[in-house]
Amino acid sequence: MQKKQAGLSVRLVVAIGIGTAIMVVLKKFVSIPTGFPNTNIDISYGVLGFFAAVFGPVAGFLIGFLGHALSDLIGGAPWWSWVLATGVVGLVIGFFKNKLNVESGEFGVKKIILYNVAQILANAVSWLLIAPTLDILIYSEPANKVYLQGVIAGISNAVAAGVLGTILLVGYAATRTKAGSLKKAE
């Protein structure tokens, strides 16, 4: 009998590395400006939703936090309130990993709805509460500006996570072997 090792598994560390790299590339090169300052339509939240749903809250938080921080560091400085908010999006979605159970190969309508409720909740908490409030406390930004940015970011990120995240999760689940689908030859 093997003892369970404490810490992160190799699979989880690799997922965090790959997810972070994808987040950086998407945030830096595939964001679509909304026309409102420093607020983009960002498809990286679909990828974050996927990784968080498959690998859980630790991976979700680290991928979101590190991916956003590194993308901000390229050519600028991290906006920590938004970096933390992105990590929280991954964390909250990741808490639904066991209920979603994508690895089972089953990802039907009920799980699609659950995933989207989770990601909308995560985006609402992060962009309507955490990011704008921290913008005011840390950076002394005007409330009307940052809450409007939060609404725009929350809606666009929820749409990106809903559309792209759902597509990725349905596709990934289709590659998994469904429980009980293998039978012993007689």
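Parameters at a glance
Residues numbered from 1 in each chain as written. Predicted model: local features only at pLDDT ≥ 70, side-chain atom pairs only at ≥ 80, totals over all residues. Heavy atoms only, no water. UniProt positions renumbered as here; feature names shortened; annotations may be inferred. Helix = DSSP H or I, 4+ residues; strand = E, 2+ residues; numbered from the N terminus. Axes fitted to C-alpha atoms, helices over the stretch in contact; angles between N-to-C directions. Left-handed = near helix turned anticlockwise from the far one by under 90°. Contact = heavy atoms within 4.5 Å. Nonpolar A, V, L, I, M, F, W, Y, C, P; charged D, E, K, R; others polar. Core = buried A, V, L, I, M, F, W, Y, C linked by side-chain atoms within 4.5 Å. Buried < 20%, exposed > 50% of the residue type's maximum accessible area, 1.4 Å probe, protein only. Expected span 1.5 Å × (residues − 1). Bend = angle between axes of the 7 residues up to and from the residue. Phe/Tyr/Trp six-rings, centres within 6.5 Å; stacked < 30°, edge-to-face > 60°. Salt bridge = Lys/Arg side-chain N within 4 Å of Asp/Glu carboxyl O. Parallel < 35°, antiparallel > 145°, perpendicular 65-115°, else oblique.

### As for the UniProt feature "transmembrane region" (unreviewed entry) in the chain
Piece 1. Here the UniProt feature "transmembrane region" (unreviewed entry) sits at residues 6-26, 47-67, 79-96, 117-139 and 151-174.
Piece 2. Its end C-alpha atoms 11 Å apart, residues 47-67 is made of 95% helix and 0% strand.

### Focus on the packing of helix α1 (residues 10-29) against helix α3 (residues 57-73)
Piece 1. Two numbers describe how α1 lies on α3: the axes approach to 8 Å, and their chain directions differ by 40°. The chirality of how α1 crosses α3 is right-handed. Where α1 abuts α3, its residues Leu 12, Ala 15, Ile 16, Gly 19, Thr 20, Met 23, Val 24, Lys 27 and Lys 28 lie against Ala 59, Leu 62, Ile 63, Gly 64, Leu 66, Gly 67, His 68, Leu 70 and Ser 71.
Piece 2. Within the contact of α1 with α3, the residues separate by chemical class into 10 nonpolar, 6 polar and 2 charged.

### What to know about the nonpolar core
Piece 1. The biggest cluster of nonpolar side chains holds 35 residues, and the ones touching the most others in it are Val 102, Tyr 115, Trp 127 and Leu 169.
Piece 2. Residue assignment for this core shows that the elements contributing at least two residues are α1, α2 (44-55), α3, α4 (80-94), α6 (109-139) and α7 (143-175).
Piece 3. Beyond its immediate chain neighbours, meaning those up to four positions away, Val 102 contacts Ala 53, Val 54, Phe 107, Leu 169, Tyr 172, Ala 173 and Arg 176.

### Brief notes about unusual backbone geometry
Piece 1. Phi at Asn 101 takes a positive value of approximately 40°, unusual for a residue other than glycine.
Piece 2. Structurally, the position occupied by Asn 101 is in the loop between α5 (97-100) and α6.

### Considering α6
Piece 1. Between the first and last C-alpha of α6 there are 42 Å, a value that for 31 residues agrees with the 45 Å anticipated at 1.5 Å per step.
Piece 2. At Ser 126, α6 is bent by approximately 30°, the largest bend along its length.
Piece 3. The first or second residue beyond α6 is Ser 140, which carries a positive phi of 55°.

### A look at the packing of aromatic side chains
Piece 1. A full pass over the atoms with the stated rule returns 8 aromatic pairs.
Piece 2. Taken together, a centroid distance of 4.0 Å and an interplanar angle of 20° make the contact between Trp 79 and Tyr 139 stacked. Of this pair, Trp 79 sits in the loop between α3 and α4 while Tyr 139 sits in helix α6, placing them 60 residues apart in sequence.
Piece 3. Given the relative accessible area of 33%, Trp 79 is considered partly exposed.
Piece 4. Taking the relative accessible area as the measure of exposure, Tyr 139 reaches 24% and is therefore partly exposed.
Piece 5. Every member of this aromatic cluster is reached through a ring pair, and the members are Phe 50, Phe 51, Phe 55 and Tyr 172.

### Some remarks on the pattern of salt bridges
Piece 1. Throughout the structure, instances matching the rule amount to 4 salt bridges.
Piece 2. The shortest N-O distance in the salt bridge between Asp 42 and Lys 27 comes to 2.5 Å. Placement of Asp 42 in the loop between β2 (40-41) and α2 and of Lys 27 in helix α1 is noted, with a sequence separation of 15 residues between them. Here Asp 42 matches Lys 27 in class, with each residue buried.
Piece 3. A salt bridge links Glu 103 to Arg 176, with the nearest nitrogen and oxygen atoms 3.4 Å apart. Of this pair, Glu 103 sits in the loop between α5 and α6 while Arg 176 sits in the segment after α7, and the two are 73 residues apart along the sequence.

### Notes on the side chain of Gln 119
Piece 1. Locating Gln 119 in the fold gives a position in helix α6.
Piece 2. Accessibility expressed as a relative area gives 1% for Gln 119, which makes it buried.

### Side note on the packing of α3 against α4
Piece 1. The interhelical angle for the contact between α3 and α4, taken along N-to-C directions, is 155°, at an axis separation of 6 Å. On the basis of their axis angle, the class for α3 and α4 is roughly antiparallel. As for how α3 packs across α4, the hand of that crossing is right-handed. Contacts between α3 and α4 involve Pro 57, Gly 60, Phe 61, Gly 64, Phe 65, His 68, Ala 69 and Asp 72 on the former and, on the latter, Trp 80, Trp 82, Val 83, Leu 84, Thr 86, Gly 87, Val 88, Gly 90, Leu 91 and Gly 94.
Piece 2. The residue makeup of the contact of α3 with α4, split by class, is 10 nonpolar, 7 polar and 1 charged.

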